[in-house]
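Secondary and tertiary structure notes
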Amino acid sequence: MNFATISACVLALGILATAGETPGPSPAKSSQKTSRQDWPVYGGTSENNHFSPLKQINRTNVKRLAVAWTFDTDETGGLQSSPIVVEGVLYGLTPSQKVFAVDAATGKLLWKFDSGIKGTQPDRGLAYWSDGAGTGKDRRILVAVMNFVYALDAATGKPISSFGKDGRIDLREDLGRDPAAQSIYMTSPAVIYKDLMIVGGREAETLPASPGDVRAYDVRSGKLRWSFHTIPHPGEFGYDTWPKEAWKSSGAANNWTGMTVDPRRGIVYVPTGSAAFDFYGADRVGDDLFANCLIALNAATGARIWHFQGVRHDLWDRDFPAPPVLLTVEHDGRKVDAVAETTKQGFVFLFERTNGKPLFPIECRNYPSSDVPGEVAAQQQCLPD
């Protein structure tokens, strides 16, 4: 089977009732609060736990799942995006990164936005913001198409002209380097904290590569509010873990996989990738903070609260591959609000959210030096005990 010839579709499933049985309430008529039916952010909830409390589909009736409706994007190719659902409307992306809105109960197309740019990078999702509790007067879809981020009116799909330049911002700007020479694509959706849109991006894994700055933009105006330099500038914490001029020319150490926000505490948790080059580091001798880190930042200001570096001076592309999950665990007889981060090695690190204290022992061990000419591997790596 040639998957390239198959149309990309959004599929909705429902339960078929058997004779003599009354089906559960449909999503459009359910007595549950609308917010309980929504999937308003990538990852389902602000905790990124992919959990829904809906109980219509359960172990007794799951075998009767049947197609309720389909929405055909009229495109071929891979569909790597996870839609969101807000107030009964499903928002999603086509393989070429057109944005669409459909009635979540029927699949009827409400609007479609075509930026005129064909997306060639993965685009895993989009974000929603409103000036009220979901139903405010100003409701926006914030979505990336390659290196551009658009603010669309959630009701019409039209770009909001007051955002950035004619409804979009260019992520190649605001990096402290020549925008024309930058290569950055937002492949995971932004996270929202109050009136801020916090973004990362996918970047080159070989040099030249753009710096992996984590940036927050005003959702109304599109203006930059803060930047956190994952390759520290002179005077910043971690600057001495790189060669002195690395901040001008080195690249990556970027958030490509997405972030998670604790809205009550005002903390955004940012996992970062390895620095360029992925498998060679003779030109970036040092531990290379903040590559391969889980970083807790003040979501309002971008100030570092704490960090954990999973791999020092990475030579194996062993960066963090998923946005963290926020959860509460029983530990040593008390409940602890924690943040969990998975790794490519199959580890799960668990930290206290506010201070980064590990909930389980982590041991730093010595390892052999590299025999590659010019390479200086890190003397120690820290692993779960």
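Residues numbered from 1 in each chain as written. Predicted model: local features only at pLDDT ≥ 70, side-chain atom pairs only at ≥ 80, totals over all residues. Heavy atoms only, no water.

Focus: the overall build of the protein
Selection criterion: A run of H or I in DSSP becomes a helix once it reaches four residues, and a run of E becomes a strand once it reaches two; helices and strands are each numbered from the N terminus. The quantity called the radius of gyration is restricted to C-alpha atoms. Its globule counterpart is 2.2 Å times the number of residues to the power 0.38. Relative accessibility under 20% of the residue-type maximum defines a buried residue, over 50% an exposed one, and the middle range a partly exposed one, all with a 1.4 Å probe and only protein chains included. By definition in these notes, contact holds between two residues if any of their heavy atoms fall within 4.5 Å. Computed by Shrake-Rupley with a 1.4 Å probe, the accessible areas treat only the displayed protein chains as cover when residues are assessed. In this tally Asp and Glu are treated as negative and Lys and Arg as positive; neither His nor the chain ends contributes. Charge positions are represented by NZ for Lys, CZ for Arg, CG for Asp and CD for Glu.
Within the protein one finds two helices and 25 strands. In terms of overall dimensions, the protein is globule-like: its C-alpha atoms have a radius of gyration of 22 Å, near the 21 Å expected for 385 residues. C-alpha atoms of the protein, sized along the principal axes, occupy 75 × 55 × 45 Å. Going through the 385 residues of the protein one by one, you find that 47% of them count as buried. Looking at the protein alone, contacts between residues at least 24 apart form 54% of all its contacts between residues at least 6 apart. Carbon and sulfur atoms provide 53% of the accessible area of the protein, an area that totals close to 18500 Å². Taking the 40 positively charged and 43 negatively charged side chains of the protein as two groups, their mean positions are separated by 7 Å.

Re empty space enclosed by the protein
If a probe as big as a water molecule is rolled over the atoms, it shows which places are left empty. Short version of the rule: Two kinds of site are reported from a 1 Å grid over the protein atoms alone, namely cavities, where a 1.4 Å probe fits but cannot get out, and pockets, open sets with protein on both sides within 12 Å along at least five of seven lines, and residues are called lining when an atom falls within 4 Å of a point. Grid points are joined across faces, edges and corners, and a volume is the space filled by probe spheres set on the points. When residues are sorted by character, Ala, Val, Leu, Ile, Met, Phe, Trp, Tyr, Cys and Pro go into the nonpolar class, Asp, Glu, Lys and Arg into the charged class, and all the rest, Gly among them, into the polar class.
Scanning the entire structure with this criterion turns up three cavities of 30 Å³ or more. Gly310, Val311, Arg318, Phe320, Thr343, Gln345, Phe347, Phe349, Cys382 and Leu383 together form the lining of the largest cavity. Considering only residue class, the lining of the largest cavity consists of six nonpolar, three polar and one charged.

A closer look at the pattern of salt bridges
Here is the rule we go by: Think of a salt bridge as a Lys or Arg side-chain nitrogen and an Asp or Glu carboxyl oxygen that are within 4 Å of each other.
Considering all chains together, one arrives at 16 salt bridges under this definition. In this structure, the salt-bridge partner of Arg225 is Asp195, at a minimum N-O distance of 3.5 Å. Separated by 30 residues along the polypeptide, Arg225 in strand β16 (residues 224–228) and Asp195 in the loop between β12 (191–193) and β13 (196–199) bring together distant segments of the chain. Two residues, Asp319 and Lys344, come together in a salt bridge whose shortest N-O distance is 2.6 Å. Of this pair, Asp319 sits in the loop between β20 (304–309) and β21 (325–331) while Lys344 sits in the loop between β22 (334–342) and β23 (348–352); the two residues are 25 residues apart in sequence, bridging distant segments of the chain. Taking the relative accessible area as the measure of exposure, Asp319 reaches 4% and is therefore buried. Where salt bridges share partners, they join Asp262, Arg264, Arg265, Asp337 and Arg353 into one cluster.

Considering the confidence of the model for the protein
Stated formally: pLDDT is a residue-level measure of predictor confidence that goes from 0 to 100.
Taken as a whole, the protein shows an average pLDDT of 91; of its residues, 92% reach a score of 70 or greater. Here residues 1–6 is modelled with pLDDT under 50, and outside its nearest four sequence neighbours on either side it reaches seven contacts, counting other chains as well. When the criterion is pLDDT under 50, residues 19–35 qualifies, and its contacts beyond four places in sequence or with other chains add up to 13 contacts.

Concerning the state of the cysteines
Rule in force here: A pair of sulfur atoms, both from cysteines and within 2.5 Å, is called a disulfide here.
This model, assessed by the stated rule, comprises one disulfide. The cysteine Cys293 is free of any disulfide, with Cys382 supplying the nearest cysteine sulfur at 11 Å.

Brief notes about a nonpolar patch on the surface
In plain terms, the rule: Nonpolar side chains (Val, Leu, Ile, Met, Phe, Trp, Tyr) within 5 Å and like charges within 9 Å form the patches, drawn only from residues with over 30% relative accessible area and no salt bridge.
A contiguous nonpolar surface patch, about 510 Å² in accessible area, is contributed by Leu11, Leu13, Ile57, Val62, Leu65 and Val67. Of all the secondary-structure elements, those providing two or more residues to the nonpolar patch are β1 (7–15) and β2 (65–76). Structurally, Leu65 is set in strand β2.

Section: the pairing of β22
Rule in force here: One bridge is not enough; two strands pair if DSSP finds at least two bridges between them.
Here seven bridges tie β21 to β22, and the two strands are oriented antiparallel to one another. In the sheet register, Val329 faces β22, and the bridge partner there is Val336. Hairpin connection from β21 to β22: two residues lie between these consecutive antiparallel strands, with Asp332 at a positive phi of about 50°. Here β22 runs beside β23; their pairing, made up of five bridges, is antiparallel. Paired with Thr342 across the two strands is Val348, which belongs to β23. Two successive antiparallel strands, β22 and β23, enclose a turn made up of five residues, where Gly346 displays a positive phi of approximately 90°.

Focus: the sheet that holds strand β8 (residues 139–145)
The following threshold applies: Note on method: axes are straight lines fitted to C-alpha atoms, helices fitted across the in-contact stretch only, with angles between N-to-C directions ranging 0 to 180 degrees.
Across the sheet, four strands lie side by side as β7-β8-β9-β10; this open sheet has antiparallel pairing. Of all strands in the sheet, those with a lone pairing partner are β7 (127–130) and β10 (168–170), marking the two edges. If you compare each strand with its neighbour and ignore which way they point, the axes differ by 20° on average. Pairing of β7 with β8, which is carried by four bridges, proceeds in the antiparallel orientation. By the bridge assignment for β8, Tyr128 is matched with Ile141.

Concerning the environment of Lys158
In this fold, Lys158 is placed in the loop between β9 (148–153) and β10. For Lys158, a relative accessible area of 57% puts it in the exposed group. Residues Lys158 and Trp111 lie 47 residues apart in sequence; the distance between their C-alpha atoms is 9.0 Å.

Some words on the sheet that holds β16
Here four strands make up an open sheet; going across it, the order is β12-β13-β15-β16 and the pairing antiparallel. Two strands close off the open sheet at either side, each with one partner strand: β12 and β16. Adjacent strand axes in the sheet meet at a mean angle of 25°, parallel and antiparallel pairs treated alike. Taken together, the three bridges between β12 and β13 define a ladder with antiparallel strand orientation. Its bridge partner lying in β13, Tyr193 is registered against Leu196.

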